[in-house]
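# Working through the structure, step by step
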Amino acid sequence: MKKYTNTGSKDTRSGFGAGLTQLGKTNSNVVALCADLTGSLKMDEFKENHPERFFQVGIAEANMIGMAAGMTIGGKIPFTGTFANFSTGRVYDQIRQSVAYSYKNVKICASHAGVTLGEDGATHQILEDIGLMKMLPGMTVINTCDYNQTKAATLAIAEYNGPVYLRFGRPKVANFTQEDQTFEIGKAVHLQEGNDVTIVASGHLVWEALIAAETLNEQGLKAEVINIHTIKPLDNKAILNSVSKTRCIVTAEEHNFLGGLGESVSRVLAENTPTPQEFVATKDTFGESGTPAQLMEKYGLNAEAIVKAALKVIARK
Amino acid sequence: MVNNCSRIGFVSLVEYVTFGAEKPNIRMSDLQNLEALVTQVRRDILRQVHKVNSGHPGGSLGCAEFFVALYQELMDRNEDFSMDGKNEDIFFLSNGHISPVFYSVLARSGYFPVDELNTFRLLNSRLQGHPTTHEGLPGVRIASGSLGQGISAAIGAALSKKLNNDSHLVYTLCGDGELQEGQNWEAIMYAAGNKIDNLVVTIDLNGQQIDGSTDNVLPMGNIKGKFQAFGWDVLEIEKGNDLDAVITGLKNAKSRTGNGKPICILLNTVMGNGVDFMMHTHAWHGKAPNDEQLKVALSQNPITLGDY
Ligand SMILES: [Mg+2]
């Protein structure tokens, strides 16, 4: 098995902040808009370095999205920053009409996604955002797994011309992917090779999937672990190639099983090669207050839950 | 394509318009010629909605003078359409349902062939029910239709212009009923607070919306006072269907840009203007005339530049 080392836990939002800081220096067309959450989104450094390219819009997300769409006219590349809930559900129609349908080069960057937002509770813990965004024609949807990957993704989406939803989180989590990696939009990353079960994970569940694969390995089961960071467009080929070996799959994500990565994978399998699948995801429920670790456990979003799902799906082959 | 024109004495003008598609943005600065264009635009509006028995003639007719004044007299526009709109004035239509007047004036200002007005709301047309960039229609820079989003986009474009050291202006038009959407007030607050002074927002004050008069549907109180309280420079055009008054008002607005405040024009118009039975009522907000009604409406607006 490949060994992955946590080089020091960091929050994915800081990866976004670092990426944005770098873009500020390398791409003069990049502008940033924030709805009163500059510190939470780690946009402070960009703001300090480039006050003329930073736009504080106040607690007015609808206007922020519309302004970002308008700023693309004139060649700017706007990055909007607020929590995932306020980045999607609150402004769905603005994104739909002014960004997606108008195909504007806006990067909607969303922190504090999922239950790991923690103590603030369900009003702020969106578990439906991937579904909302992936349904919009032309929208690219990315959910990164650690600091390094989030930084790389932030740099990559500036080079891509089109609307993007970039989802990341609040807590410090293992940082284990390569520093200065090249991020390829739409390309799955193979983390472990295996023949017994495919585990496809995104976001905070990727590290959990690697831990789960070790546990399974101790039981003599070889799991293939694939990091799908781009939920749309989905790397169908990587999924189909893997299940042609393993003939079963577990999908793992910090999102509702309705509308998330798991459902996207199901569609690809149903169209090509119907395959037993188990879903590690929230099951049509809201979250609640608690620590991130407590919530991941209660809502079945950790390595233990992935192992359970893997054993179950292997038995269904 | 162009009939009966020499008969009413607009030969040279007709040539300009006819060739408009190939040689865009030729200006007709003579007021009489512009009046003729307004009448022709009204015909275009009526004929577009009649053909497909759908669309929004009322608000479109009320804004014919505004669009003609803006595109022919006010805006400094480049010959070729580019999405970026660099080094030219640009316009956003926020109340996208008045697409018939927008399309007519865009076509007659040379952005696309006037004949294409024939495809309004038809399958595979670039002239969608509400304007969109999706089909690549020149002259349109953002989709609109779901209301309340235009001022935000206009602010964004105005900020881009400032960043690009482009001293040109951004114009946008909103309906009065549209101001009931909350996003407008986020944008109105932002624009004043951040001194977006290269922005001219016009409110079509026709006092009507789909369900009735704005006063009956949701009274909006003193709109002028509200904009002023938010920190805007507000001016009124009392006669929004008097072309000369509209041009004068728009030029006044333009002269007041660059002074640290966004500009708001309150444009008093009559919904359905130019067709007697469509005026002063919300009944024609989103309803097309039948054959008989079209005949009457067109008879009140005789051909000037030639129908498409
Ligand atoms: Mg109205």
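Note: the structure precedes this text.
Read on for a plain summary of the structure. (Residues numbered from 1 in each chain as written. Chains lettered and ligands numbered in written order. Predicted model: local features only at pLDDT ≥ 70, side-chain atom pairs only at ≥ 80, totals over all residues. Heavy atoms only, no water.)

## Structural notes on the overall build of chain B
Helix and strand counts for chain B stand at twelve helices and seven strands. Relative to its length of 308 residues, chain B is compact, with a C-alpha radius of gyration of 18 Å against a globular reference of 19 Å. Judged by the C-alpha coordinates and their principal axes, chain B covers about 55 × 45 × 35 Å. The burial tally for chain B puts 60% of its 308 residues in the buried class. Put simply, of all contacts in chain B between residues at least 6 apart along the chain, 76% involve residues at least 24 apart. Of the roughly 11300 Å² of accessible surface on chain B, a fraction of 48% belongs to carbon and sulfur atoms. Distance between charge centroids for chain B: 2 Å, based on 25 positive and 34 negative side chains. (Helix = DSSP H or I, 4+ residues; strand = E, 2+ residues; numbered from the N terminus. Rg over C-alpha atoms; globule rule 2.2 N^0.38 Å. Buried < 20%, exposed > 50% of the residue type's maximum accessible area, 1.4 Å probe, protein only. Contact = heavy atoms within 4.5 Å. Areas by Shrake-Rupley, 256 points an atom, 1.4 Å probe, with all protein chains shown as cover. Lys, Arg positive; Asp, Glu negative; His and termini not counted. Charge placed at Lys NZ, Arg CZ, Asp CG, Glu CD.)

## Digging into the sheet that holds strand β6 (residues 233-237) of chain B
Pairing between the strands of a sheet comes from backbone hydrogen bonds, and it takes one of two forms, parallel or antiparallel. Residue and element names in this part refer to chain B. The strand order across the open sheet built from five strands is β1-β2-β3-β7-β6, with neighbouring strands paired in parallel fashion. The two strands at the open ends of the sheet, each matched to only one other strand, are β1 (90-93) and β6. Strand-to-strand twist of the sheet, defined as the mean angle between neighbouring strand axes without regard to direction, takes the value 20 degrees. The pairing of β1 with strand β2 (residues 170-175) spans four bridges and is parallel. Of the residues in β2, the one forming a bridge with Phe92 is Thr172. Where helix α5 (residues 64-74) meets the sheet, its contacts fall on β1, β2, β3 (199-205) and β7 (263-268), and the angle it forms with β1 comes to roughly 165 degrees. (Pairing = 2+ DSSP bridges. Axes fitted to C-alpha atoms, helices over the stretch in contact; angles between N-to-C directions.)

## Here's the deal with the pattern of salt bridges
Scanning the model with the defined rule gives 23 salt bridges over all chains in all. Note that B:Arg141 and B:Glu88 form a salt bridge whose closest N and O atoms lie 3.1 Å from each other. Here B:Glu88 lies in the loop between α5 and β1 and B:Arg141 lies in the loop between α6 (99-108) and α7 (150-163), a separation of 53 residues in the sequence. Between B:Asp233 and B:Arg256 there is a salt bridge, with its nearest N and O atoms 2.7 Å apart. Taken as a pair, B:Asp233 in strand β6 and B:Arg256 in the loop between α11 (243-255) and β7 lie far apart in primary sequence, 23 residues in all. What you see here is one network of salt bridges that share partners, running through A:Glu193, A:Glu224 and A:Lys245. (Salt bridge = Lys/Arg side-chain N within 4 Å of Asp/Glu carboxyl O.)

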